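Read off the chains here:
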Amino acid sequence: MIIAIDGPAASGKGTLAKKLATHFNLACLDTGRLYRALGSTILKDRKDPKDLKVAVNAVKKVDLKSIQDIELYTEKVAEYASIVASFPEVRKELLGFQREFANYPPKGKLGAVLDGRDIGSVVCPGADYKFFVTASQEVRALRRYKQLQENGLKGTYASVLADIEQRDERDRTRKVSPLKVVDALVVDTSDKTPNEVFTDALSYINTK
Ligand code: CDP
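1. Some remarks on helix 9 (residues 194-207)
- Spanning 14 residues, helix 9 covers 20 Å between terminal C-alpha atoms, matching the ideal 20 Å at 1.5 Å per step.
- Of all the positions in helix 9, only Val197, Phe198, Ala201, Leu202, Tyr204 and Ile205 are classed as buried. The arc enclosing the buried residues of helix 9, seen along the axis, measures out at 160 degrees, which places them on a common side. For helix 9, exposure combined with an orientation more than 90 degrees from the buried face picks out Asn206 and Thr207.
- In this fold, the buried residues of helix 9 make contact with strand 1 (2-6), helix 1 (13-24), strand 4 (129-134) and strand 5 (185-188).

Right, dumping it as C-alpha coordinates:
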(Lines give C-alpha, C1' and ligand atoms only; values in the text may rest on other atoms or scores of the structure.)
Protein backbone atom coordinates (compact mmCIF):
# COMPACT_ATOMS: atom_id res chain seq x y z
CA MET A 1 0.00 0.00 0.00
CA ILE A 2 1.38 3.40 -0.99
CA ILE A 3 -0.19 6.67 0.13
CA ALA A 4 0.88 10.00 -1.40
CA ILE A 5 0.24 13.26 0.42
CA ASP A 6 1.04 16.63 -1.14
CA GLY A 7 0.24 20.20 -0.26
CA PRO A 8 1.61 23.67 0.52
CA ALA A 9 3.72 24.63 3.54
CA ALA A 10 2.41 23.80 7.02
CA SER A 11 -0.91 22.46 5.70
CA GLY A 12 -0.96 19.40 7.96
CA LYS A 13 0.58 16.86 5.56
CA GLY A 14 2.94 15.42 8.15
CA THR A 15 0.26 15.11 10.83
CA LEU A 16 -2.01 13.13 8.49
CA ALA A 17 0.92 11.05 7.21
CA LYS A 18 1.88 9.97 10.74
CA LYS A 19 -1.68 9.04 11.67
CA LEU A 20 -2.18 6.99 8.50
CA ALA A 21 1.21 5.32 8.97
CA THR A 22 0.32 4.24 12.51
CA HIS A 23 -3.15 3.06 11.52
CA PHE A 24 -2.06 0.97 8.52
CA ASN A 25 1.43 0.02 9.83
CA LEU A 26 3.24 1.89 7.06
CA ALA A 27 6.72 3.41 6.91
CA CYS A 28 6.58 7.21 6.80
CA LEU A 29 8.83 9.61 4.89
CA ASP A 30 8.61 13.40 5.13
CA THR A 31 10.33 14.18 1.82
CA GLY A 32 10.57 17.88 2.73
CA ARG A 33 13.28 16.85 5.17
CA LEU A 34 15.47 15.71 2.28
CA TYR A 35 15.29 19.14 0.69
CA ARG A 36 15.66 20.84 4.07
CA ALA A 37 18.78 18.79 4.76
CA LEU A 38 20.32 20.21 1.58
CA GLY A 39 19.22 23.73 2.57
CA SER A 40 20.69 23.30 6.04
CA THR A 41 24.05 22.07 4.70
CA ILE A 42 24.31 24.98 2.28
CA LEU A 43 23.37 27.46 5.00
CA LYS A 44 26.00 26.05 7.37
CA ASP A 45 28.63 26.20 4.64
CA ARG A 46 27.59 29.80 3.88
CA LYS A 47 27.15 28.95 0.22
CA ASP A 48 24.66 30.25 -2.35
CA PRO A 49 21.63 27.92 -2.83
CA LYS A 50 20.98 29.45 -6.27
CA ASP A 51 24.29 28.01 -7.50
CA LEU A 52 23.55 24.67 -9.20
CA LYS A 53 27.01 23.26 -8.42
CA VAL A 54 26.58 24.06 -4.72
CA ALA A 55 23.14 22.40 -4.72
CA VAL A 56 24.32 19.23 -6.46
CA ASN A 57 27.34 18.99 -4.14
CA ALA A 58 25.04 19.25 -1.14
CA VAL A 59 23.10 16.16 -2.34
CA LYS A 60 26.38 14.21 -2.34
CA LYS A 61 27.28 15.44 1.17
CA VAL A 62 23.99 14.74 2.89
CA ASP A 63 23.23 11.37 4.45
CA LEU A 64 19.60 10.95 3.44
CA LYS A 65 19.00 8.38 6.16
CA SER A 66 19.89 10.67 9.07
CA ILE A 67 17.79 13.76 8.66
CA GLN A 68 16.36 14.36 12.14
CA ASP A 69 18.16 17.61 12.97
CA ILE A 70 16.08 20.29 14.73
CA GLU A 71 17.89 22.96 12.73
CA LEU A 72 16.02 21.69 9.71
CA TYR A 73 12.89 23.42 10.94
CA THR A 74 13.83 27.09 10.58
CA GLU A 75 12.14 29.06 7.82
CA LYS A 76 15.56 30.09 6.48
CA VAL A 77 16.38 26.44 5.90
CA ALA A 78 12.96 25.97 4.26
CA GLU A 79 13.66 28.93 1.95
CA TYR A 80 17.00 27.43 0.91
CA ALA A 81 15.27 24.05 0.49
CA SER A 82 12.72 25.48 -1.90
CA ILE A 83 15.44 27.27 -3.91
CA VAL A 84 17.46 24.07 -4.47
CA ALA A 85 14.21 22.13 -5.06
CA SER A 86 13.73 24.10 -8.29
CA PHE A 87 16.77 22.44 -9.90
CA PRO A 88 15.80 19.37 -11.99
CA GLU A 89 19.28 17.94 -11.32
CA VAL A 90 18.68 18.02 -7.56
CA ARG A 91 15.22 16.47 -7.81
CA LYS A 92 16.56 13.69 -10.03
CA GLU A 93 19.24 12.84 -7.44
CA LEU A 94 16.59 12.49 -4.71
CA LEU A 95 14.09 10.53 -6.78
CA GLY A 96 15.76 7.12 -6.45
CA PHE A 97 15.91 7.30 -2.64
CA GLN A 98 12.23 8.27 -2.40
CA ARG A 99 11.03 5.59 -4.81
CA GLU A 100 13.09 2.94 -3.09
CA PHE A 101 11.60 3.96 0.26
CA ALA A 102 8.09 3.70 -1.22
CA ASN A 103 8.61 0.38 -2.96
CA TYR A 104 10.82 -1.38 -0.40
CA PRO A 105 9.69 -0.23 3.06
CA PRO A 106 11.53 -1.63 6.10
CA LYS A 107 10.74 -5.18 7.25
CA GLY A 108 7.46 -5.50 9.11
CA LYS A 109 5.84 -2.51 7.40
CA LEU A 110 2.95 -3.07 5.02
CA GLY A 111 3.76 -0.19 2.70
CA ALA A 112 4.67 3.48 2.85
CA VAL A 113 3.24 6.95 3.16
CA LEU A 114 5.25 9.83 1.72
CA ASP A 115 4.45 13.51 2.01
CA GLY A 116 5.81 16.40 -0.03
CA ARG A 117 4.98 18.44 -3.14
CA ASP A 118 5.30 15.97 -6.04
CA ILE A 119 4.59 12.58 -4.50
CA GLY A 120 1.31 11.91 -6.33
CA SER A 121 2.50 13.54 -9.55
CA VAL A 122 6.13 12.37 -9.92
CA VAL A 123 7.56 10.19 -7.13
CA CYS A 124 4.65 7.73 -6.81
CA PRO A 125 2.20 8.43 -9.64
CA GLY A 126 0.76 4.93 -9.18
CA ALA A 127 0.06 5.40 -5.44
CA ASP A 128 -3.05 3.63 -4.17
CA TYR A 129 -4.38 6.76 -2.49
CA LYS A 130 -3.52 10.41 -3.06
CA PHE A 131 -4.35 13.36 -0.85
CA PHE A 132 -3.80 17.06 -1.39
CA VAL A 133 -3.82 18.68 2.03
CA THR A 134 -4.32 22.41 2.17
CA ALA A 135 -5.50 25.26 4.45
CA SER A 136 -5.76 29.05 4.29
CA GLN A 137 -2.46 30.91 4.27
CA GLU A 138 -3.26 32.59 7.61
CA VAL A 139 -4.05 29.30 9.35
CA ARG A 140 -0.89 27.71 7.98
CA ALA A 141 1.28 30.65 9.03
CA LEU A 142 -0.18 30.56 12.54
CA ARG A 143 0.45 26.82 12.85
CA ARG A 144 4.06 27.20 11.69
CA TYR A 145 4.59 30.20 13.97
CA LYS A 146 3.38 28.17 16.98
CA GLN A 147 5.58 25.21 15.95
CA LEU A 148 8.64 27.44 15.76
CA GLN A 149 7.85 28.93 19.18
CA GLU A 150 7.43 25.47 20.72
CA ASN A 151 10.84 24.52 19.36
CA GLY A 152 12.39 27.68 20.77
CA LEU A 153 13.10 29.07 17.30
CA LYS A 154 12.88 32.72 16.28
CA GLY A 155 10.40 34.47 13.96
CA THR A 156 7.32 36.72 14.14
CA TYR A 157 3.90 35.76 12.77
CA ALA A 158 4.30 38.37 10.00
CA SER A 159 7.69 37.05 8.93
CA VAL A 160 6.44 33.44 8.91
CA LEU A 161 3.42 34.46 6.79
CA ALA A 162 5.68 36.29 4.31
CA ASP A 163 8.10 33.35 4.13
CA ILE A 164 5.31 30.85 3.52
CA GLU A 165 3.73 33.05 0.82
CA GLN A 166 7.01 33.35 -1.02
CA ARG A 167 7.84 29.66 -0.74
CA ASP A 168 4.38 28.50 -1.90
CA GLU A 169 4.62 30.81 -4.90
CA ARG A 170 8.04 29.39 -5.79
CA ASP A 171 6.86 25.79 -5.31
CA ARG A 172 3.72 26.33 -7.42
CA THR A 173 5.36 28.13 -10.33
CA ARG A 174 8.63 26.23 -10.79
CA LYS A 175 9.03 24.40 -14.11
CA VAL A 176 9.95 21.02 -12.67
CA SER A 177 7.54 19.11 -10.41
CA PRO A 178 5.41 22.12 -9.42
CA LEU A 179 2.97 21.74 -6.54
CA LYS A 180 -0.40 20.82 -8.05
CA VAL A 181 -3.40 18.56 -7.52
CA VAL A 182 -3.14 15.32 -9.53
CA ASP A 183 -5.95 12.74 -9.04
CA ALA A 184 -6.01 13.54 -5.34
CA LEU A 185 -8.70 14.05 -2.73
CA VAL A 186 -8.38 17.69 -1.67
CA VAL A 187 -8.70 18.13 2.10
CA ASP A 188 -8.96 21.65 3.50
CA THR A 189 -7.76 21.45 7.10
CA SER A 190 -8.39 25.13 8.01
CA ASP A 191 -11.35 24.38 10.30
CA LYS A 192 -10.62 20.75 11.11
CA THR A 193 -8.86 19.03 13.97
CA PRO A 194 -6.14 16.49 13.10
CA ASN A 195 -8.58 13.70 14.02
CA GLU A 196 -11.30 15.05 11.72
CA VAL A 197 -8.79 15.18 8.84
CA PHE A 198 -7.73 11.61 9.63
CA THR A 199 -11.37 10.43 9.69
CA ASP A 200 -12.03 12.09 6.29
CA ALA A 201 -8.97 10.37 4.84
CA LEU A 202 -9.98 6.99 6.26
CA SER A 203 -13.50 7.16 4.85
CA TYR A 204 -12.04 8.07 1.44
CA ILE A 205 -9.74 5.05 1.62
CA ASN A 206 -12.56 2.77 2.74
CA THR A 207 -14.91 3.85 -0.06
CA LYS A 208 -12.37 4.00 -2.90
O1 CDP B 1 7.04 21.63 6.34
P2 CDP B 1 6.67 22.42 5.12
O3 CDP B 1 5.38 21.98 4.51
O4 CDP B 1 6.72 23.89 5.36
O5 CDP B 1 7.83 22.20 4.04
P6 CDP B 1 8.60 20.87 3.70
O7 CDP B 1 7.61 19.80 3.32
O8 CDP B 1 9.57 20.57 4.78
O9 CDP B 1 9.41 21.26 2.35
C10 CDP B 1 10.39 22.26 2.32
C11 CDP B 1 10.59 22.65 0.87
O12 CDP B 1 11.13 21.53 0.17
C13 CDP B 1 9.32 23.00 0.09
O14 CDP B 1 8.98 24.37 0.18
C15 CDP B 1 9.65 22.57 -1.33
O16 CDP B 1 10.28 23.59 -2.06
C17 CDP B 1 10.62 21.45 -1.17
N18 CDP B 1 10.02 20.13 -1.41
C19 CDP B 1 9.86 19.72 -2.72
O20 CDP B 1 10.17 20.45 -3.64
N21 CDP B 1 9.37 18.49 -2.99
C22 CDP B 1 9.02 17.65 -2.01
N23 CDP B 1 8.57 16.43 -2.32
C24 CDP B 1 9.14 18.05 -0.67
C25 CDP B 1 9.63 19.31 -0.39
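That shown, we press on.
2. Remarks on the packing of helix 7 (residues 137-150) against helix 8 (residues 157-173)
- Contact geometry for helix 7 and helix 8: axes closest at 9 Å, N-to-C directions at 120 degrees. With respect to helix 8, the axis of helix 7 lies oblique. Handedness of the helix 7/helix 8 crossing: right-handed. Taken together, the residues of helix 8 that come into contact with helix 7 (itself represented by Gln137, Glu138, Arg140, Ala141, Leu142, Arg144, Tyr145 and Leu148) are Tyr157, Val160, Leu161, Ile164, Glu165, Arg167 and Asp168.
- Class assignment of the residues belonging to the contact of helix 7 with helix 8 gives a composition of 8 nonpolar, 1 polar and 6 charged.

3. Some points on the packing of aromatic side chains
- One pass over the full model with this rule turns up 2 aromatic pairs.
- Between Phe131 and Tyr204, the ring centres sit 5.5 Å apart and the planes meet at 70 degrees, which makes this aromatic pair edge-to-face. Here Phe131, found in strand 4, pairs with Tyr204, found in helix 9; they are 73 residues apart in sequence, far enough to count as distant. Neither residue differs from the other here; Phe131 and Tyr204 are each classed as buried.

4. What to know about the pattern of salt bridges
- For the structure shown, the criterion picks out 11 salt bridges.
- Between Arg144 and Glu75 there is a salt bridge whose closest N-O contact spans 3.3 Å. Of this pair, Arg144 sits in helix 7 while Glu75 sits in helix 4 (residues 75-84), and the two are 69 residues apart along the sequence.
- A salt bridge links Arg174 to Asp171; the shortest N-O distance between them is 3.4 Å.
- For Asp171, a relative accessible area of 3% translates into the label buried.
- Residues joined in a network through salt bridges with shared partners are Glu75, Arg144 and Arg167.

5. What to know about the sheet that holds strand 2 (residues 27-30)
- Reading across the sheet, the 5 strands line up as 2-3-1-4-5 and stay open at both edges, with parallel pairing between neighbours. Edge positions in the open sheet fall to strand 2 and strand 5, since each of these has one partner strand only. On average, each strand axis in the sheet is tilted by 20 degrees relative to the strand beside it, whichever way the strands run.
- Its contacts with the sheet put helix 9 on strand 1, strand 4 and strand 5, and the angle it makes with strand 4 is roughly 155 degrees.

6. Observations regarding the site of the ligand
- In the vicinity of the ligand lie 18 residues, with Lys13, Arg36, Arg91, Arg144 and Asp171 positioned nearest.
- A distance of 2.7 Å separates an oxygen atom of the ligand from a polar side-chain atom of Lys13.
- In the model, a nitrogen atom of the ligand is placed 2.9 Å from a nitrogen or oxygen of the Thr31 side chain.
- Across the complex, the protein chains shield 97% of the 530 Å² of accessible surface that the ligand would expose by itself.
- Given that more than half its atoms are within 2 Å of the pocket grid, the ligand belongs to the largest pocket.
- Put simply, the parts of the chain that give the shell around the ligand at least two residues each are helix 2 (32-44), helix 4 and helix 8.

Calculation notes
- Residues numbered from 1 in each chain as written.
- Predicted model: local features only at pLDDT ≥ 70, side-chain atom pairs only at ≥ 80, totals over all residues.
- Heavy atoms only, no water.
- Helix = DSSP H or I, 4+ residues; strand = E, 2+ residues; numbered from the N terminus.
- Expected span 1.5 Å × (residues − 1).
- Buried < 20%, exposed > 50% of the residue type's maximum accessible area, 1.4 Å probe, protein only.
- Arc of directions from axis to C-beta.
- Contact = heavy atoms within 4.5 Å.
- Axes fitted to C-alpha atoms, helices over the stretch in contact; angles between N-to-C directions.
- Parallel < 35°, antiparallel > 145°, perpendicular 65-115°, else oblique.
- Left-handed = near helix turned anticlockwise from the far one by under 90°.
- Nonpolar A, V, L, I, M, F, W, Y, C, P; charged D, E, K, R; others polar.
- Phe/Tyr/Trp six-rings, centres within 6.5 Å; stacked < 30°, edge-to-face > 60°.
- Salt bridge = Lys/Arg side-chain N within 4 Å of Asp/Glu carboxyl O.
- Pairing = 2+ DSSP bridges.
- Near = heavy atom within 4 Å.
- Polar contact = N/O pair within 3.5 Å; in protein donor to acceptor, adjacent residues only side chain to side chain.
- Areas by Shrake-Rupley, 256 points an atom, 1.4 Å probe, with all protein chains shown as cover.
- 1 Å grid on protein atoms, 1.4 Å probe; cavity = no way out; pocket = protein on both sides within 12 Å on 5 of 7 lines; lining within 4 Å.
- Sits in = over half its atoms within 2 Å of the grid points.

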